[in-house]
Amino acid sequence: MSALAFGVFGFAAALTAYAAPQCDHCLAGYYVCRSNSPGDTQPCLEAMWACETANGCAMSFPPD
């Protein structure tokens, strides 16, 4: 019985990991934008937030 429960749990965890939104590219895009326009970070933040929203990610601030 525990082997069956473990298998179901493993399948659910794998399915959840596959369906989870990938948000790393939004932060990478922020850093590219910021390196291209170092004086004004607001447009880069807005682009990152738009990316996060479009991909179903939680809006965040970059760790810098």
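Let's talk about the packing of helix α2 (residues 24-36) against helix α3 (residues 42-54)
Part 1 of the reasoning: Where α2 meets α3, the axes come as close as 9 Å, and the angle between the chain directions of the two elements is 165°. Classed by the angle they form, the pair α2 and α3 counts as roughly antiparallel. The handedness of the crossing between α2 and α3 comes out as right-handed. Here His25, Cys26, Leu27, Tyr30, Cys33 and Arg34 of α2 come into contact with α3, specifically with Cys44, Leu45, Met48, Cys51 and Glu52.
Part 2 of the reasoning: Residue composition of the contact of α2 with α3, by class: eight nonpolar, one polar and two charged.

Thoughts on the packing of aromatic side chains
Part 1 of the reasoning: Enumeration according to the criterion identifies two aromatic pairs in this entry.
Part 2 of the reasoning: Ring plane angle 65° and centroid distance 5.4 Å describe the contact between tyrosine 30 and tyrosine 31, whose orientation is recorded as edge-to-face.
Part 3 of the reasoning: Overall, tyrosine 31 belongs to the partly exposed group, its relative accessible area being 32%.

Comments concerning the nonpolar core
Part 1 of the reasoning: Grouped together as the largest cluster of nonpolar side chains are seven residues: Cys26, Tyr30, Cys44, Leu45, Met48, Trp49 and Cys51.
Part 2 of the reasoning: Contributing elements (two or more residues each) for this core: α2 and α3.
Part 3 of the reasoning: With five residues, α3 is the largest single contributor of residues to this core.

Digging into α3
One full turn of an α-helix is made of 3.6 residues, so residues set three or four places apart face in the same direction.
Part 1 of the reasoning: The end-to-end C-alpha separation of α3 is 18 Å, in line with the 18 Å expected for 13 residues at 1.5 Å each.
Part 2 of the reasoning: Here α3 has its buried residues at Cys44, Leu45, Met48, Trp49, Cys51 and Glu52. One side of α3 holds all its buried residues, which, seen down the axis, span an arc of 160°. Away from its buried face by more than 90 degrees, α3 exposes Thr53 and Ala54.
Part 3 of the reasoning: Buried residues along α3 sit in contact with α2.
Part 4 of the reasoning: Looking one or two residues past α3, glycine 56 carries a phi angle of roughly 75°, positive in sign.

Definitions and limits used
- Residues numbered from 1 in each chain as written.
- Predicted model: local features only at pLDDT ≥ 70, side-chain atom pairs only at ≥ 80, totals over all residues.
- Heavy atoms only, no water.
- Axes fitted to C-alpha atoms, helices over the stretch in contact; angles between N-to-C directions.
- Helix = DSSP H or I, 4+ residues; strand = E, 2+ residues; numbered from the N terminus.
- Parallel < 35°, antiparallel > 145°, perpendicular 65-115°, else oblique.
- Left-handed = near helix turned anticlockwise from the far one by under 90°.
- Contact = heavy atoms within 4.5 Å.
- Nonpolar A, V, L, I, M, F, W, Y, C, P; charged D, E, K, R; others polar.
- Phe/Tyr/Trp six-rings, centres within 6.5 Å; stacked < 30°, edge-to-face > 60°.
- Buried < 20%, exposed > 50% of the residue type's maximum accessible area, 1.4 Å probe, protein only.
- Core = buried A, V, L, I, M, F, W, Y, C linked by side-chain atoms within 4.5 Å.
- Expected span 1.5 Å × (residues − 1).
- Arc of directions from axis to C-beta.

The values are spatial; any link to function lies outside them.
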